Structure formats: structure tokens, C-alpha cells
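The lines below spell out each chain.
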Amino acid sequence: MPLINGHGEVEEKINLVNLKLEEINNLYKNNKLEKNNEDELNEEIENLKTNWFKAQDKLAFFIEHDELEKVSKCLVVLEENCKNKEFTDALEDGEEFIYWLNHFREKDSLKLKNIF
């Protein structure tokens with residue numbers, strides 16, 4: 001369940017970016033990477049950035065700003081690693097992005113534990 005409206009879209013977009021990154025990383029390793037593959041990835045990253053910064057504005061009411069900055073940093077570093085053709089590092093940044101999204105969801109969820 002999304003934390004707020006837009007959170008699910010961000011999660012969907014980062015998953016799509018990570019899948020494209022895996023595909024492009026394999027193409028790059030096999031010297032089969034084409035310009036249109038990179039253009040598609042850059043477009044998906046731009047969509048992700050747009051969705052993230054919209055969601056971030058809403059999340060700022062509920063989540064500490066330093067935690068939100070960690071996610072934004074992951075996104076910026078992911079984008080730079082893609083521009084530098086460091087796709088393996090970009091994949092790590094994408095996974096860290098997902099980690100923080102899940103962290104927000106779990107941190108704000110109500111959990112009942114048996115104290116006996």
C-alpha cells in the first residue's frame with residue numbers, strides 16, 4: 001500500500017529504471033549498447049525524478065528531511081553514473097533508492113507486537 005498518493009508511482013518508476021539498467025548493463029558489457037537504449041533510460045530517469053520530487057514535497061510533512069535527502073542523493077548519483085556509463089554502480093544506487101522507499105513504508109506502519 002502506498003504511503004501517500006504518488007509513492008506507488010515512484011516505486012513503479014524505479015523498478016522500471018532498474019530493469020532498464022540491468023538490460024543496458026548487459027548490452028554495455030557485450031558491446032551492443034546503442035544510443036536509443038541510453039535515450040530511453042534517460043527518459044525513464046527523468047520521469048522518475050519528476051515523480052520523486054512531487055512525492056518528496058508531500059512526504060516532507062511526515063518524514064525527516066535528511067532521510068528524504070538520502071533518496072534524492074541516490075537518484076542524482078544514479079543519473080550521473082548512467083551519464084558516465086557506470087551502469088553497475090547505477091544499479092546499486094537504484095537498489096538503495098528502493099531500500100529507502102521501503103524504509104519509509106515500514107517506519108510509518110503500525111505494528112502490534114505481543115509483549116508477553
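Given the structure is predicted, the values throughout are model-derived calculations rather than measurements.

Engineer: Would you explain the confidence of the model for the protein in this entry?
Structural biologist: Predicted coordinates in regions of low pLDDT should not be interpreted in detail. On average, residues of the protein carry a pLDDT of 86, and 86% of them reach 70 or more. In the model of the protein, helix 4 (residues 87-107) stands out as the element of lowest mean pLDDT, 89, in contrast to helix 3 (residues 65-83), which has the highest, 93. Throughout residues 1-5 the model reports pLDDT below 50, and contacts reaching past four residues in sequence, or to other chains, amount to 12 contacts.

Engineer: Mind showing me how you'd approach the nonpolar core here?
Structural biologist: Generally speaking, soluble globular proteins have nonpolar side chains that are buried together. Among the nonpolar cores identified, the biggest contains 26 residues, and Leu21, Trp52 and Phe97 are the most heavily contacted of them. Listed by contribution, the elements that provide at least two residues to this core are helix 1 (7-29), helix 2 (35-59), helix 3 and helix 4. If one sorts the elements of this core by residue count, helix 4 sits on top with eight residues. Among residues more than four places away in sequence, those in contact with leucine 21 are Leu41, Leu78, Cys82, Phe87, Ala90 and Leu91.

Rules used in this analysis
- Residues numbered from 1 in each chain as written.
- Predicted model: local features only at pLDDT ≥ 70, side-chain atom pairs only at ≥ 80, totals over all residues.
- Heavy atoms only, no water.
- pLDDT = per-residue confidence, 0-100.
- Helix = DSSP H or I, 4+ residues; strand = E, 2+ residues; numbered from the N terminus.
- Contact = heavy atoms within 4.5 Å.
- Core = buried A, V, L, I, M, F, W, Y, C linked by side-chain atoms within 4.5 Å.
- Buried < 20%, exposed > 50% of the residue type's maximum accessible area, 1.4 Å probe, protein only.

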